[in-house]
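These are the residues of each chain, in order.
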Amino acid sequence: MAEKSVEPHVFVILGATGDLTRRKLMPALFHLRTLGELDKQNTLIVGAAMPEMSEDAFRLWVYEGLRNSGAPDSSDLRRWCDDHLHYLTVHGGSLEDYEALAALLTRLEGAGRKPANRIFYLALPPTTVPSTVERLDQAGLLKSDGWVRVVFEKPFGHDFSSAQALNALLHRHLGESQIYRIDHYLGKETVQNLLAFRFANPIFETLWNRDMVESVQITVAEDLGVEHRGSYYQEAGALRDMVQNHLTQLMTVVAMEVPVSFDAAAIQVEKLKVLQSIDPIDPQDVAFGQYTAWNVAGRVIPGYRQEQGVSPDSTTETFVAIKMDIHNWRWRGVPFYLRTGKRLPRKLTQVAVTFRPAPFQVFRTLEPESLDSNRLLITLQPNEGFALCFSVKTPARPLSFTSQSLQFDYGRAFGGELPDAYETLLRDVMIGDQTLFVSADFTETAWRLYDPLLAGKHDVHFYTAGSWGPKEADAVVERNGHRWQLGW
Ligand code: BG6
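A brief look at the structure comes next. Bear in mind the structure is a predicted one, so any value in this text is a computation, not a measurement.

1. Focus on the sheet that holds strand E5 (residues 148–152)
- With respect to topology, 6 strands assemble into an open sheet ordered E3-E2-E1-E4-E5-E6, the strand pairing being parallel. The open sheet terminates on both sides in strands that have one partner only, identified here as strand E3 (85–89) and strand E6 (179–181). Taking each pair of neighbouring strands and ignoring which way they run, the sheet shows an average axis angle of 20°.
- In this sheet, E6 lies alongside E5 in parallel orientation, the contact comprising 3 bridges. In the sheet register, Phe152 faces E6, and the bridge partner there is Arg181.
- Where helix H2 (residues 55–68) meets the sheet, its contacts fall on strand E2 (44–49) and E3, and the angle it forms with E3 comes to roughly 125°.

2. A look at the side chain of Asn167
- Position of Asn167 relative to the elements: it lies in helix H6 (residues 160–173).
- Note on Asn167: relative accessible area 1%, which makes it buried.
- Residues contacting Asn167, with those up to four places away along its chain left out, are Phe156, Arg181, Ala440, Thr443 and Glu444.

3. As for the environment of Met53
- Relative to the helices and strands, Met53 resides in the loop between E2 and H2.
- Expressed as a C-alpha distance, the spacing of Met53 and Pro259, which sit 206 residues apart in the sequence, is 48 Å.
- When sequence neighbours within four positions are dropped, the list of residues in contact with Met53 reads Thr17, Phe58, Tyr87 and Thr89.

4. Regarding the environment of Leu371
- Tracing the backbone through its elements, the reader meets Leu371 in the loop between strand E13 (348–355) and strand E14 (375–381).
- The partly exposed category is assigned to Leu371, whose relative accessible area is 22%.

5. What to know about the site of the ligand
- The environment of the ligand is made up of Lys154, His184, Tyr185, Lys188, Glu222, Arg229, Asp241, Met242, His246, Lys342, Lys347 and Gln381.
- For the ligand, an oxygen atom lies 2.7 Å from a polar atom in the side chain of His246.
- Lys342 is positioned such that a nitrogen or oxygen atom in its side chain is 2.9 Å from an oxygen atom of the ligand.
- Considering the ligand on its own, with 390 Å² of exposed area, one finds that the protein chains cover 80% of that surface.
- Put simply, the parts of the chain that give the shell around the ligand at least two residues each are helix H7 (184–187) and helix H10 (230–255).
- Here the element with the most residues in the shell around the ligand is H10; it accounts for 3 residues.
- Within the shell around the ligand, the residues separate by chemical class into 2 nonpolar, 3 polar and 7 charged.

6. Notes on the nonpolar core
- Within the largest apolar cluster, 112 residues are counted, with the highest numbers of intra-cluster contacts made by Tyr121, Met251, Ile322, Met324, Phe336 and Tyr450.
- For this core, the leading source of residues is H10, giving 11 residues.
- If we ignore the near neighbours within four places in the chain, the residues touching Phe336 are Val216, Met251, Val254, Ala255, Ile322, Lys323, Met324, Ile326 and Trp331.
- Counting 31 residues, the second-largest nonpolar core is a separate cluster that includes Leu14, Leu44, Ala102 and Phe120.

7. Examining the pairing of E5
- Where burial is concerned, most of E5 is hidden: 5 out of the 5 residues are buried.
- Alternating residues of E5 divide into Val148, Val150 and Phe152 and Arg149 and Val151, and every residue in both groups is buried.
- Where strand E4 (residues 118–122) lies against E5, 5 bridges are found, and the strand directions are parallel. Paired with Phe120 across the bridge in E5 is Val150.
- A crossover connection joins E5 to the parallel E6 through H6; in handedness this β-α-β unit is right-handed.

8. Observations concerning the pattern of salt bridges
- Overall, the coordinates contain 24 salt bridges when judged by the stated rule.
- When the shortest N-O distance is used, the salt bridge between Lys154 and Asp241 registers 3.1 Å. Separated by 87 residues along the polypeptide, Lys154 in the loop between E5 and H6 and Asp241 in helix H10 bring together distant segments of the chain.
- Across the salt bridge formed by Glu270 and Lys273, the nearest N and O atoms sit 3.3 Å from each other. On the criterion of helical spacing, the pair formed by Glu270 and Lys273 is a turn pair, its members being 3 residues apart in helix H11 (residues 264–276).

9. Looking at helix H8 (residues 189–200)
- Relative to the 16 Å expected for 12 residues at 1.5 Å per residue, H8 spans 16 Å between its end C-alpha atoms, a close match to the ideal helical length.
- By the burial criterion, the buried members of H8 are Thr190, Val191, Asn193, Leu194, Leu195, Phe197 and Arg198.
- Of the surrounding secondary structure, the elements contacted by the buried residues of H8 are H7, helix H9 (202–205), H10, E14, strand E15 (385–393) and helix H12 (410–414).

Calculation rules
- Residues numbered from 1 in each chain as written.
- Predicted model: local features only at pLDDT ≥ 70, side-chain atom pairs only at ≥ 80, totals over all residues.
- Heavy atoms only, no water.
- Pairing = 2+ DSSP bridges.
- Helix = DSSP H or I, 4+ residues; strand = E, 2+ residues; numbered from the N terminus.
- Axes fitted to C-alpha atoms, helices over the stretch in contact; angles between N-to-C directions.
- Contact = heavy atoms within 4.5 Å.
- Buried < 20%, exposed > 50% of the residue type's maximum accessible area, 1.4 Å probe, protein only.
- Near = heavy atom within 4 Å.
- Polar contact = N/O pair within 3.5 Å; in protein donor to acceptor, adjacent residues only side chain to side chain.
- Areas by Shrake-Rupley, 256 points an atom, 1.4 Å probe, with all protein chains shown as cover.
- Nonpolar A, V, L, I, M, F, W, Y, C, P; charged D, E, K, R; others polar.
- Core = buried A, V, L, I, M, F, W, Y, C linked by side-chain atoms within 4.5 Å.
- Right-handed = clockwise from strand over helix to strand, strands pointing away.
- Salt bridge = Lys/Arg side-chain N within 4 Å of Asp/Glu carboxyl O.
- Expected span 1.5 Å × (residues − 1).

What follows is the structure in structure tokens.
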């Protein structure tokens, strides 16, 4: 089947002067254009935001941002900015502002740009999203003789009822097929490869179940702290910021059944079924942590409570470890451990599948623990690749074993950099492919799963920045006779 190509359209960024536009959206759009994905003449970008800015100033701002992100200084780059970018100041977000946007689009979509296809990318604070969608509709911007798609950034609600209310509001103005909820983890090349790995390699499919798998661990570790986002993070915490979305998405991709086809509806159905099969989480199976300062070689890394915008007695969690049980035929009895934290020793996103030990140990002279379990490590970032770990006999006597691995490294196999997640996702919006986006049902069901943890009071245990989290997190795995996998 031939790949769909991008049809001419106008790409409108609401909240266009923010960090996301400059760091992610514009580099992705420019790269898509460099790859020849965007129609040269007929794909235009309109930035709309509150700052008073001339169109020229906006073009220069984007140009400089692209230069800083590594785009070569060329007359082509400058020309692209001048020819394809437009800017409109939206003062208070009143109806008149949106009518002015409608007038601008009508002008740009004039002669030669029919049908009028439109993408609205809401790079806005969550509180302004509902009124923005209402205004877009009131100003007639969501009706067109072409297609209209609207992209939403996370967070998508802050609990089950807010997500449900937001979905209800969106559905009053848009069909679900027009709504693209972004979870940038789904755009990562390696997450897509995880799907490919599972469904293109039947040898693993036969191992992928409770008979062969003992436990699954999903780790998203970050070495950075909350950076300049202290005030946002204080309200969110790691459970809302990372677990409800990114880790839950990864978990469903690992655990889902084989879909009937590789398209959005079929994949979303299977992922949702996993979520619906998860037992309520026992608070005993959860550990929350918060990083404290670390003094290393005279350099002090501040604790979370010392970060800008964070209250000095904040109890917000910067680390979460959770055990989950999926009650279906494939996974009953296999614990899924999810773990994420800021200021851990290094950046690592990894899925570790530990296989069951041999039912009978023939090497009687060995200590039972001297034989490691077979493991499949799927590293999503950095150093993307797979490692299948197994035991081999070390040369010489006495008989002993060591763990070795068969490895596959994307960088070595294909060279170069993997496409950026935003580039993949923006292109998918442009061709109308929702496979890598989050459905209304998924987001609500995920919130429903975590709501009891968010509502309940929980202890937050301190861990030193640069460590692997509080010791209470070890208890989450050790209670079941497991230990955390620390990379490869
Ligand atoms: C974002 C979170 O969604 O993902 C951040 O809000 C986090 O707190 C980031 O740092 C991690 O993304 P990545 O792609 O760097 O793993």
